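Given next are the chains, with one letter for each unit.
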Amino acid sequence: MRSLLLASLLTITVVAQPLAAEPALDVPLPGKRSMVRVGAVPNPVTEAARASAQMLFEGLAARDPAQVARAIERIEAHQSCEVAGGNATALIWLARAWLRANEVGLEAARPEPKLERAYFDFFLGEDARNLREYLQRKYRAGDYTPNDPETHLDRLTFLDDMLLFNNPMRSQWDATDRVVEIIAGLKSEVSRAIDLGAGFGYFSTRIAEALGPAAIVHAADTEETYVEQLKTFVDRYGLDGVRPVLSKPNDIVVREPTDLVFIASLYHVLYAWSQPTERDAFMETLNRTLRPGGYLVVLDNRDHDGVSLHNAYVDREFVQAQLYHYGFELVANEDLSPYRYLLVLRKSAPQAPKPPVYTQAPGQDSIRVNDSHSVIHIGSLDSFDITPSGIAAGRLMLKALTDSDPKAARQAISLYDKIIPNENFGGEYTALQWIAGYLVATEEEKHELTRDPLTAEFIAYLAEDDYANLKLYIARKYKLQTTAIPIEEATDEKTREIGIVRRQALEDFILFNNPKRDAWEQSPKIMERLPLKAGDRVVDIGSGPGFYSFKFAERVGPTGQVLAFDTKDSHIEYLNGLANKWGLKQVVGAVSATDGFEIPEPGTADMVFMCSLYHILYGVSSQAERDGMIASILKALKPGGRLVVVDNGPVEAGLLPYHGPYIRQELIASQLKAYGFELESSEQVIPQRYLMVFSR
């Protein structure tokens, strides 16, 4: 291990990327902060919010102004404790509007601005039917039980987004007037615009009004129900200049030459969540539509002392760098509030864009950005995208399992042989292919296939109850059968989270303990390079069902100890069950929180190990969760102990990544440096997989 090449990843790009025609950019890194956060729940339900919603629902149902007024007071009391940009201000506005309507009549209470009137009518019309439905679906007010569990979540998302997106109080945190003022300042050059991710037209209508009666604003969104609702608003309320458009994730659809494209609260998704190929295709269609010299205006979230609107943000420096490589140069950059910023960029074609200029403090780390690739990608949390070939193979697997059909199993094996090299060699395809092979094997071949004890337990676990859980998993993931969603899971956020976690846990189990993992991951090579010996104490964070934990147990022996932590109960239950079955007293599993863990004897761990987890810690966890987890690691390690991070990086063009998510090593090295760690060594294990060793 000591012979590994020591290299500072903060000045050397370890993961090679194809050189772009434009100059490379050195983008400053933010220390302990992450430069992006995506994937967290944007508007979570708290117990205080649930109680207030119940009070408001009861007041509306009973038409009791005093009860509604008390509900407003309760919402105001806990508003500061809710997520920034949440629905509290919208509920307060609607409740006050209801009180006024109760006092002066519905017609007299309707606001003058057209879109506010549409919002008022939508939620408060027909005796506040849609508002009461929202409170029922979101908070289970009135002990609500849906009669449509299969469509309940879609309807809830629709209502939730309507409430949030078109909130008349949105200007409190969105600086709406300033955004429109900046766009209006471009009026002499702009008569055709596109509002991407327009939702229900909040900005589309304001931009159209600001640009004047001759302007056309295409309000594009990928959600068909949102586009249809906006069409209703346009027709009913005379929203002049707004043309709703159903777009696609990889195509904005609008083909008319356009002067300005506006993107609000969407670029953090494009940057870190969207599939890279989808983003490239999306930007290509944007470039074709936007005229040379046309404007791209990006409104997005910034981190403010660990707090961000809707638990999501992306640092503007990385947006600028990516858009520079897509052919845009910066015109204006403004902080709108502690939570929002606005970038105005211009399409420079046919000239080359001017590179952005960054301010870098002395000693501040930076990362080199050579092209339009994101430095982190989180969106493929469930291994890979579902493809037509993957669906076809999944259908064959389901038939093989359901009908005990060896022909279908052999066909699945053959199809996986064809698609694994092109789609997914480190995800579940190889595991499902192994299972198909097991199904058609002779007893002697099955004995050989399960010679490894962990592999034998893998198939035994999945085979329980005639492969019931595996069948359900394949049917749901590949949408091969209609599988009923339990009512509790559909209506209760916590139960829904548990249901999702259980399905994720099964996917994790298939991915982590995949019998073919050693072959594609080169796990033995990773084990060779770990600073471990007999008698050592190891902490395995994000252990899953124990793939590495049991390898560590063999290495440290009965005089050592392996402390395995995971946030999923089922993984720890499985791991502890195997440890007890095999008499491995040195293996102890425990469920951890997302913000840390505790070992029995702090300061005694020789190694803390983290595999395929840091990209989540970096790009999904909150600052508080990350601070807590790193503090737990520091507390656990003995003097001279090591933190080992195994994760995924981007690969060169033309190479197939083994797995979807990735994070450039420089982000990890810089962040852990800010927390007090020193990078000792780094090694590329396979083209996407790397191993980093840190000391305190």
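Quick caveat, the model's predicted, so the values are computed rather than measured.

(A) How the structure looks around the overall build of the protein chain. Regarding its fold elements, the protein chain presents 27 helices and 20 strands. Judged by the C-alpha coordinates and their principal axes, the protein chain covers about 80 × 60 × 55 Å. Residue burial in the protein chain is summarised as follows: out of 696 residues, 57% are buried. The contacts in the protein chain between residues at least 6 apart in sequence include a share of 77% that link residues at least 24 apart. For the protein chain, the exposed surface amounts to about 28,600 Å²; the carbon and sulfur share of it is 51%. A distance of 1 Å separates the average location of the 73 positive side-chain charges in the protein chain from that of its 94 negative side-chain charges.

(B) Seen up close, the sheet that holds strand 9 (residues 328-337). Within the open sheet, the seven strands sit side by side as 5-4-3-6-7-10-9. Their pairing is mixed. If you trace the sheet from one side to the other, it starts and ends with strand 5 (242-246) and strand 9, each paired once. Going from strand to strand, the sheet's axes swing by 20 degrees on average, the running direction of each strand aside. Sheet analysis places strand 3 (residues 192-196) next to strand 6 (residues 258-264), joined by four bridges and oriented parallel. When the bridges of strand 6 are listed, Ala-193 appears paired with Leu-260. Packing of helix 9 (residues 202-211) onto the sheet brings it into contact with strand 3, strand 4 (216-221), strand 5, strand 6 and strand 7 (290-301), and relative to strand 4 it is tilted by some 165 degrees. Contacts between helix 10 (residues 224-237) and the sheet are confined to strand 4 and strand 5, with strand 5 contributing the most and set at about 160 degrees to the helix.

(C) Inspection of the packing of aromatic side chains at higher detail. The final tally for this structure, using the stated rule, is 25 aromatic pairs. Ring geometry for Phe-458 versus Phe-509: centroids 5.4 Å apart, planes at 10 degrees, classification stacked. Here Phe-458, found in helix 18 (residues 453-477), pairs with Phe-509, found in helix 20 (residues 493-512); they are 51 residues apart in sequence, far enough to count as distant. Across this residue pair, the class does not change: Phe-458 and Phe-509 are buried. Taken together, a centroid distance of 5.0 Å and an interplanar angle of 85 degrees make the contact between Phe-509 and Tyr-574 edge-to-face.

(D) Broad picture of the sheet that holds strand 15 (residues 587-591). Pairing is mixed across the open sheet formed by seven strands, whose spatial order is 15-14-13-16-17-20-19. The open sheet is flanked by strand 15 and strand 19 (678-684), the only strands paired with a single partner. Sheet twist, expressed as the average angle between the axes of neighbouring strands with direction ignored, equals 20 degrees. Strand contacts of helix 24 (residues 569-581): strand 14 (561-566) and strand 15, with the helix running at about 165 degrees to strand 15, the strand carrying the most contacts.

(E) Representation of the environment of Met-610. Secondary-structure assignment places Met-610 in strand 16 (residues 605-611). The exposure class assigned to Met-610 is buried, which follows from its relative accessible area of 0%. With 37 residues separating them in the primary sequence, Met-610 and Asp-647 have C-alpha atoms 8.2 Å apart. Not counting residues within four places of it along the chain, the set of residues in contact with Met-610 comprises Ile-541, Leu-617, Ile-633, Val-644, Val-645 and Val-646.

(F) Looking closely at helix 24. Here helix 24 is 13 residues long and its end C-alpha atoms lie 18 Å apart, about the 18 Å a rise of 1.5 Å per residue gives. Looking only at helix 24, the buried set comprises His-571, Ile-572, Tyr-574, Leu-575, Leu-578 and Ala-579. Angularly, the buried residues of helix 24 cover 160 degrees about the axis, an arc narrow enough to put them on a single face. Exposed and facing more than 90 degrees away from the buried side of helix 24 are Asp-569, Glu-573, Asn-580 and Lys-581. Positioned one or two residues after helix 24, Gly-583 has a phi angle of 70 degrees, which is positive.

Quick notes on the rules
Residues numbered from 1 in each chain as written. Predicted model: local features only at pLDDT ≥ 70, side-chain atom pairs only at ≥ 80, totals over all residues. Heavy atoms only, no water. Helix = DSSP H or I, 4+ residues; strand = E, 2+ residues; numbered from the N terminus. Buried < 20%, exposed > 50% of the residue type's maximum accessible area, 1.4 Å probe, protein only. Contact = heavy atoms within 4.5 Å. Areas by Shrake-Rupley, 256 points an atom, 1.4 Å probe, with all protein chains shown as cover. Lys, Arg positive; Asp, Glu negative; His and termini not counted. Charge placed at Lys NZ, Arg CZ, Asp CG, Glu CD. Pairing = 2+ DSSP bridges. Axes fitted to C-alpha atoms, helices over the stretch in contact; angles between N-to-C directions. Phe/Tyr/Trp six-rings, centres within 6.5 Å; stacked < 30°, edge-to-face > 60°. Expected span 1.5 Å × (residues − 1). Arc of directions from axis to C-beta.

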